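Each chain, letter by letter, is given below.
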Amino acid sequence: MKRHSRAFWPLLIAALVFYAIVQGLIMMDMLGAYHTNTLIFIAINIILAVSLHLVIGITGQFSIGHAGFMAVGAYLSAIVTMKLDLPFIVAIIVGGLVAALAGLIVGIPSLRLRGDYLAIATLGFAEIIRIIFLNIDYVGGAAGMQVSKMTDWTYTFFFMLLTILVIVNFTRSRHGIAALSIREDEIASDAMGINTTYYKVVAFVIGAFFAGVAGALFSHNFYIVLPSQFGFLKSVDILILVVLGGLGSLSGAIISAIFLTLVSTFLQEYPETRMIIYSLVLIIVMLYRPQGLMGTKEITDYFRGWTSKGGKDNGKDTTT
């Protein structure tokens, strides 16, 4: 833990400094709405990538229904603000909690499955959620639900930071170690007395909670929430963020979310060729880096490498 804390505090301070700089630029009108919205979108994608990283990268459960939990958070938060006229922070928390409850309801029966069967079950759940909202007139049905823009840089940044801190601390706890053992060998973990279903459900619920939070921030950033925004392709987009970053690497999920969001944003000016270029970028990266951008390593591993190398060099200098 001491090794990790050496890199943790500098990274946390750097993140807070980055927030303060961006917030200062926004307050002085030096950062336009377009660039601010890009930063918000990057932060939302980081929340989605990190939350799915816990399910796939840490616990090893192949889920492709993350967009369903995002939809639950988006619609429930919209109801809280637009129908019940409650504060936005309450809407975010309610959206996350209801998404976590949905994750619990889905996780208890489906997480007894493995591999492709689990993927099909979670995909089916996401489609059920989308169809339900598509046919409920209370939330606008297919026409969507009008939502006031309440998401800003401060809300998005601190919920992103909270997501990363919770996932990191969970991974380093005994619960995270149990989840990692399930990923490596579920049968052996079960034989050693680890309640595999319990830990898989816990990871699934935490991931669903933060997906709901991301959905709440997403819906209040684009003025309208539509069922079509949370289809199968959205789940695949989130899955790509985790796989491209490197399965098992939280840092990779974050870097991948930043990279792909920027690529997608810059290609918006070319709608005819945007998806072709986007797909080519993915293919090239996976051809030359099949293990993902970070593999299984974290940024803190490089910090430890530099620290130990510096220590050895200092030792050599002292000896000579």
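Chains are numbered independently. Their residues run from 1 in the order of the written sequence. For this predicted model, a pLDDT threshold of at least 70 governs which residues receive local features, and a threshold of 80 or more governs which side-chain atom pairs are given and counted, while totals over whole chains, interfaces and linings are taken from all residues. Side-chain measures were taken over the full set of non-hydrogen atoms in the model, leaving aside hydrogen atoms and water.

The protein chain is annotated in an unreviewed UniProt entry as Branched-chain amino acid ABC transporter permease from Tetzosporium hominis. On record in UniProt, under Subcellular location (unreviewed entry), the comment for the protein chain is "Cell membrane". UniProt positions are given in the numbering used here, feature names are shortened, and annotations may be inferred rather than shown by experiment.

Together, Ile276, Ile277, Leu280, Ile283, Ile284, Leu287 and Tyr288 make up a nonpolar patch on the protein surface, roughly 760 Å² of accessible area in all. In DSSP terms, a helix is any run of H or I states spanning at least four residues, a strand is any run of E spanning at least two, and both are numbered starting from the N terminus. As for its position among the elements, Leu287 is in helix α12 (residues 274-288). Overall, the relative accessible area of 64% leaves Leu287 in the exposed class. Patch definition: residues above 30% relative accessible area lacking any salt bridge, with like charges linked at up to 9 Å and the nonpolar side chains Val, Leu, Ile, Met, Phe, Trp and Tyr linked at up to 5 Å. Per-residue accessibility takes into account occlusion by the displayed protein chains alone, with areas from the Shrake-Rupley method and a 1.4 Å probe. The term salt bridge refers to a pairing of a side-chain nitrogen on Lys or Arg with a carboxyl oxygen on Asp or Glu at a separation within 4 Å. Three exposure classes are used, based on accessible area relative to the maximum for each residue type with a 1.4 Å probe and protein chains only: buried under 20%, partly exposed in between, and exposed over 50%.

At a closest axis distance of 10 Å, the pairing of helix α7 (residues 174-184) and helix α9 (residues 196-219) adopts a crossing angle of 110°. Here α7 is positioned roughly perpendicular relative to α9, judged by the angle of their axes. Of the two elements, α7 crosses α9, and the hand of that crossing is left-handed. Of α9, the residues touching α7 (which contributes Arg174, His175, Ala178 and Ile182) are Thr196, Tyr199 and Lys200. Here the axes come from fitting lines to C-alpha atoms, over the contacting stretch only for helices, and the angles between their N-to-C directions go from 0 to 180 degrees. The labels follow the angle: roughly parallel below 35 degrees, roughly antiparallel above 145, roughly perpendicular from 65 to 115, and oblique for the rest. A clockwise turn of the near helix away from the far one marks a right-handed crossing, whereas an anticlockwise turn of less than a right angle marks a left-handed crossing. Contacts were defined at the residue level, with two residues in contact if any of their heavy atoms lie within 4.5 Å.

On to the packing of helix α6 (residues 153-172) against α9, then. Close contact between α6 and α9 brings their axes to 11 Å; oriented N to C, the two are set at 170°. On the basis of the axis angle, α6 is roughly antiparallel to α9. Touching Tyr155, Thr156, Phe159, Leu162, Thr163, Val166, Ile167 and Phe170 of α6 are Val202, Ile206, Phe210, Val213 and Leu217, all from α9. When residues are sorted by character, Ala, Val, Leu, Ile, Met, Phe, Trp, Tyr, Cys and Pro go into the nonpolar class, Asp, Glu, Lys and Arg into the charged class, and all the rest, Gly among them, into the polar class. Class assignment of the residues belonging to the contact of α6 with α9 gives a composition of 11 nonpolar, two polar and no charged.

Within 6.5 Å between ring centres, the rings of Phe, Tyr and Trp (the latter by its six-membered ring) count as paired, and their orientation is classed by plane angle as stacked under 30 degrees, edge-to-face over 60, tilted in between. Across all of its chains, the model carries 16 aromatic pairs by this definition. Both rings, one in Tyr19 and one in Trp153, keep their centres 6.3 Å apart while their planes meet at 20°; by these two values the pair is stacked. Note that Tyr19 is positioned in helix α1 (residues 2-27) and Trp153 in helix α6, a separation of 134 residues in sequence. Trp153 shares its class with Tyr19; the two are buried. Among the aromatic residues, those joined into a cluster by ring pairs are Phe41, Tyr75, Phe133, Phe218, Phe222 and Phe230. For a lysine, the NZ atom is tested; for an arginine, the CZ atom; a charge sits over a ring if that atom is within 6 Å of the ring centre and within 35 degrees of the ring normal. Lying across the ring of Tyr138, Lys83 places its NZ or CZ 4.8 Å from the centre.

This paragraph deals with helix α2 (residues 33-58). A rise of 1.5 Å per residue sets the reference length of α2, with its 26 residues, at 38 Å; its end C-alpha atoms lie 36 Å apart and thus fit the reference within 8%. The largest bend in α2 comes to about 35°, at Leu52. Just past α2, the residue Gly60 takes up positive phi, approximately 80°. Here a helix's expected span is defined as the number of its residues, less one, multiplied by 1.5 Å. Fitting one axis to the seven residues ending at a residue and another to the seven starting there, the bend at that residue is the angle between the two axes.

This part covers the side chain of Ser63. Summarising the element assignment, Ser63 is placed in the loop between α2 and α3 (66-83). With residues up to four places along the chain from it excluded, the contact list for Ser63 reads Leu52, Val55, Ile56, Thr122, Phe204 and Leu239.

Right, let's talk about the environment of Gln146 for a bit. Take Gln146: it is sitting in strand β1 (residues 145-146). Note on Gln146: relative accessible area 58%, which makes it exposed. In contact with Gln146, not counting residues within four places along its chain, are Met82, Tyr223 and Ile224.

This next bit is on helix α5 (residues 115-134). Relative to the 28 Å expected for 20 residues at 1.5 Å per residue, α5 spans 29 Å between its end C-alpha atoms, a close match to the ideal helical length. Burial in α5 covers these residues: Leu118, Ala119, Thr122, Phe125, Ala126, Ile129 and Phe133. Buried residues of α5 fall within an arc of 125° about the axis and therefore sit on the same side. Exposed positions of α5 whose direction lies more than 90 degrees from the buried face are Asp116, Tyr117, Ile120 and Ile128. Looking at the buried positions of α5, the neighbouring elements they touch are α3, α4 (88-110) and α9. Directions are taken from the helix axis to each C-beta atom, and the arc is the one they span.

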